[in-house]
Amino acid sequence: MAQAAIPQIVARRGGWRAALRRYAHVPLLTPAVGLTVAVFWVCMAVLVVMSVYPFLAAGTPRLTLAAWQRLLGDPYYWGVVGTTLRLAFVVTALALALGYPAAYAISKIQRPGWALAAYVVLFAPILVSVVVRTYGWLLLLSNTGVVNYLLRAAGLVREPIPLIFNETGIIIAMVHILLPFMVFPILSVVGQVGGDLKEAAMDLGANRWVTFRRVTLPLTAPGVISGCQIVFTLTISAFVTPFLMGGGRVQILSGLIYRDMEAVNLGFASVVALVLLALAVVILAASNVLARRAYRRAEVERA
Amino acid sequence: MGRRIRRREFLKEGGKAGLGLFALAQLGGATLGLAQEAAAGGAERLTLFVWSGLNLPTVAHEVARFYMQNNPGVTIEVLEGQNFEVYPKMVSARKLTPDRPLVHFGYSNTQFTYQGDIDDMWESLDLRNIPNAANVADAYKRPENRGIGFSIAPVGLIYNPNFVREPPTSWADMWHPRFRGKVTSIKYAWYTNGLVIAARLNGGSERNIDPGFRLWAERANQFVAFANSNVEVRDLIVRGDAHIAAMFGGNALTWKEQGAPIEFVIPREGTIAFPLFLVVVKGVSAQQKRIAEGVINLILSERWLARWAALTYFVPTSTKVVVPPSLRGLAMYSPQETARAIQFDWATIARNETAWRERWDKEVVARMGR
Amino acid sequence: MDVDVELREVSKHFGAIVAVDRVSLAIRRGEFFSLLGPSGCGKTTTLRMIGGLEFPTAGEILLRGAVVTDLPAYRRATNMVFQHLALFPHLTVFENIAFGLRLRREPPSVIARKVDGVLQLVDLPGYGGREIHQLSGGQKQRVAIARALVNEPAVLLLDEPLGSLDLKLRLAMQTELKALQHRVGTTFIYVTHDQGEALTMSDRIAVMNLGRVEQVATSQEIYARPRTRFVAGFIGEANFLDGRVAHAGPDGVLVAVNGLRVRAEAAPAPAGAAVTVSVRPEHVKLGVAADGAANRWTGRIEEVTFMGAVVRARVALDGGPRLVAELHNDAAAGLAPGAAVAVGWAAGHTVVLAG
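Residues numbered from 1 in each chain as written. Chains lettered and ligands numbered in written order. Predicted model: local features only at pLDDT ≥ 70, side-chain atom pairs only at ≥ 80, totals over all residues. Heavy atoms only, no water.

Moving on, we get to the overall build of chain B. A tally of helices and strands in chain B yields 13 helices and eleven strands. Buried residues in chain B amount to 57% of all 370 residues. In chain B, once contacts between residues fewer than 6 apart in sequence are set aside, the share between residues at least 24 apart is 77%. (Helix = DSSP H or I, 4+ residues; strand = E, 2+ residues; numbered from the N terminus. Buried < 20%, exposed > 50% of the residue type's maximum accessible area, 1.4 Å probe, protein only. Contact = heavy atoms within 4.5 Å.)

Okay, structure coming up:
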């Protein structure tokens, strides 16, 4: 065993030197890494510490898992986790359903003026403050709002449809704000799928739909995945818009953080923040793995 | 191997390091440098905290300027913000640099004044340095003089006259069927969301809050939506999404003055007294404490309390204050109203803050829409 | 002989621009046919119209006798090898080649057999599992050809497919393509701006300029008997001398050029017509090699350029005009700038062009 280990050590040393050379560019990363470490990891460390040491002005804090138990041991909070995830998935799916065609259409626009107009329409909600935006939505969507007025005037409904102060309102608003975050990554890849690839597919017997499904869609998958990841992440961590549009009635994780921050119950708020982070990381990692595996499976199936 | 830290040690060290990190993160960059050590020769620099919004900070700025003019060598910086944002930073600063508080003294709302009692954040005031404290009604003096109540924000009911023909008359109207789906409040504000008053009117109290939760669990759908701030409550009422809410009289009258369709009524049970305090933060030097007490004495003077009342419509606690003529006709300024105002057990509320928030979510909010 | 592709008065306008102007062609079955011309001459547009990627503004296109003018690409029995290959980067070599077969719902066993077969044909056996980005330029080229060929098209369209390769590889691929075409017997229509490529591979060439076909002929004929000045200049090199037909008879033609009388075997114009005389540099002989030539004058060497196997000399004729001669380097001994020298060429090497 000892003899067998020798070459391994040698190999490892070689590897170590090679690694040194390989990572010679690391200093270039220092500012970015430094910032990330300072802002992100220090905060993470703070959250972890706060989640197990109660926040006391006086006395020595003792390690306790009470805040973790309070969250993880309570079906109510699992329900909140479920609502949070459900909202994020629905918003992501709708943003994709609306954003992909939009990105595709924008990429087809020839005249620069029209393209600019499309960008403005799409990105306008980001440029407006959340207060103005919310005011607009409430005017449109409340029981006495424009949408319900039109629905009733058209005789489609008799009673107003509740479009705000519930999950529907949150979904409408979040899709509206986050649509550009879906469109932009897709737009950047849709434009790169060369016309010659589509022509090649058509030349080989594919009509427009088959060309889209077999060529354009798989080649834009990276944009779709990153768009979905951005929208998903922004949705599960959003607080202000869900609170305003949900009327404080829809319980989501970010609302719990705010609730307990206000009550100076920082331990529990930290636990929720960490759970939220863990959910985001797990979902993002899973989406990466799934995307890769689906891609590979498609290959195997066809081969 | 020898350098490997044992688990227990690691946890201990980690705990210390973590607390340091924690305090650092809490302090934040924006507020650094606000509370600096005194310069040489008796010069002092103090930070005075005051609530932002409406006309609330005006008196603080005026008093600070006035004090500095009469006391060269003293600098008073005014920090505007919300209690819930600044308070955790104050606590962290106290742990990290016990002799250098982030905020030396200032305005504190009811919730955080009582939270500070729990966290042992407030100095006992020496009333000999605050002669104007003699005029403050005893109800607004605090145990061991850990701060002093300088004003009351009376809470009554507001409604939108465009939608409500028959004004509400009682706190019980909050849960009356005629306002089903038309009530709003800041989400966990116990003095406006009806929890405590419902408990009190149904055989309970702050110490026996269950009747309040039981009532609101049944009537969860009284609420159309919750808000995060007074302004959001105002907007809900103005738009007509909500028709009534509990609100500070001062805010209500300011908005009405600005033309909002809002009326303020005092329920027949009386207003809820929401006392506002001035506190000195533990960790100040003896000299700093004397300066803070001097400034507090100015704030409690008839001149500045009258100014405060005129600017904010909040009722001074001093018996000596001559209310400006414009306020004299207002019912909530009458001594009778102030005398019969409902006094909450704020200490109990502060102790239950976290538990009640959780119960409110689980027992009331979760039942909405069903 | 069967005609595979026929174009009848086909035009294509892009707005005000006339890309293809009343082109008529008949391409025979099994032929290696090239569309040759400078960039912008309309050759690629013509090819794309045959493939169904563009549609003519006027005229008709027939594929094996059937009118396909307005049929989209996916309903035509043509396949194209694109200029930039357009291989699908998300698919393996196998899947790229199988793309068309799968769309035709061929059974997997057939697909596997055909793909393996075509990979053998393009000399890439066992490459099916590779990713496109793992291939060299030449290998990508073969995959692109295999992807088109595997569908057994009536006509294979190739749009400058060798343009991105370096010279050596290009020459090798030219030979290979030609051999491949022989083996499969499919009609190839090949677009190129490289006259050498066209001459090497083609059975027939259509030389295009400004949207029109200038000449359709075999390589040899195009080279030896260019019909227009454009063709003569574009295919290989030529000395051009402007003149007028002085005499035309059964015994031959005389063209007057600045007092010189140039003999030719035939002319497209009657006596008195303004013409251009063209003679290839390699046909211009110098010194003793010019002895006995039907056209023979004296001149002075102005410049000698050594180019490896050949030497190129610029000569000013005593009558005035300048000519370029290209000689084998062993025939160039003693040539030096300033030296007087005899210049001549055979009457059969004079090409008289109208206008």
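Let's pick the thread back up.
With that out of the way, let us pick up the nonpolar core. In summary, soluble globular proteins display a tendency toward joint burial of nonpolar side chains. Of all hydrophobic cores here, the largest spans 161 residues; its most connected members are Tyr107, Phe150, Trp216 and Trp360 of chain B. Ranked by residues supplied to this core, first place goes to helix H8 (residues 167-190) of chain A with 13 residues. Aside from chain neighbours lying at most four places away, what touches Tyr107 of chain B is Leu48, Phe49, Val50, Trp51, Val59, Ala60, Asn83, Phe150, Phe277, Leu278, Ile299 and Trp308 of chain B. Residues Val23, Leu25, Ala154 and Val191 of chain C belong to the second largest nonpolar core, which totals 42 residues. (Core = buried A, V, L, I, M, F, W, Y, C linked by side-chain atoms within 4.5 Å.)

One pass over the full model with this rule turns up 42 aromatic pairs over all chains. Relative to Phe150 of chain B, the ring of Tyr107 of chain B has its centre 5.3 Å away and its plane inclined at 85°; by these criteria the two rings are edge-to-face. Of this pair, Tyr107 of chain B sits in strand S3 (residues 105-108) while Phe150 of chain B is found in strand S4 (residues 148-159), placing the two residues 43 residues apart along the sequence. One aromatic cluster in this structure is built from Trp51, Tyr107, Phe150, Tyr191, Phe248, Phe274, Trp308, Phe314, Phe344 and Trp346 of chain B. Just above the ring of Phe66 of chain B sits the side chain of Arg303 of chain B; from NZ or CZ to the centre is 5.2 Å. When the ring centre of Tyr223 of chain C is taken as origin, the NZ or CZ atom of Arg280 of chain C, which lies over that ring, is 4.0 Å away. (Phe/Tyr/Trp six-rings, centres within 6.5 Å; stacked < 30°, edge-to-face > 60°. Lys NZ or Arg CZ within 6 Å of the ring centre and 35° of its normal.)

Moving on, we come to the domain arrangement of chain B. Residue and element names in this part refer to chain B. On domain assignment, one finds that chain B holds domain 1 (4-152 + 275-332) and domain 2 (153-273 + 343-367). Summing both partners gives a buried area of about 1,500 Å² for domain 1 against domain 2, and 72% of it is carried by carbon and sulfur. On the domain 1 side of the contact with domain 2, Leu54, Tyr313 and Met332 bury the most area, a combined 35% of that side's loss. Inspection of the region where domain 1 meets domain 2 yields two residue pairs in polar contact (both at pLDDT 80 or more). Residue assignment for the side of domain 1 that touches domain 2 shows that the elements contributing at least two residues are helix H4 (110-119), S4 and strand S9 (272-280). (Domains from an automatic or database assignment. Buried area = accessible area lost by both parts, 1.4 Å probe. Polar contact = N/O pair within 3.5 Å; in protein donor to acceptor, adjacent residues only side chain to side chain.)

On to the pairing of strand S14 (residues 274-279) of chain C, then. Residues and elements named next belong to chain C. Most of S14 sits out of view: five of its six residues are buried. As defined by bridge partners, S14 adjoins strand S20 (residues 351-354) across four bridges and the pair is classed as antiparallel. When the sheet's bridge partners are listed, Val275 is paired in S20 with Ala354. (Pairing = 2+ DSSP bridges.)

Our focus in this paragraph is the sheet that holds strand S9 (residues 204-209) of chain C. Residue and element names in this part refer to chain C. If you walk across this open sheet you meet the six strands as S6-S7-S8-S3-S9-S10, and the pairing is mixed. Each end of this open sheet is capped by a strand with a single partner; those strands are strand S6 (78-81) and strand S10 (212-218). For this sheet the average axis-to-axis angle between neighbouring strands, irrespective of direction, equals 20°. Against the sheet, helix H4 (residues 137-149) contacts S6 and strand S7 (155-159), and its axis sits at roughly 175° relative to S6. (Axes fitted to C-alpha atoms, helices over the stretch in contact; angles between N-to-C directions.)

A word on empty space enclosed by the protein. All names here are of chain A. Taken as a whole and judged by the stated rule, the model has seven cavities of 30 Å³ or more. Approximately 130 Å³ is the volume found for the largest cavity. Those elements that provide at least two residues to the lining of the largest cavity are helix H11 (240-246) and helix H12 (253-262). The leading source of residues in the lining of the largest cavity is H12, at three residues. Tallied by class, residues from the lining of the largest cavity come to nine nonpolar, three polar and two charged. (1 Å grid on protein atoms, 1.4 Å probe; cavity = no way out; pocket = protein on both sides within 12 Å on 5 of 7 lines; lining within 4 Å. Points joined across faces, edges and corners; volume = space filled by probe spheres on them. Nonpolar A, V, L, I, M, F, W, Y, C, P; charged D, E, K, R; others polar.)

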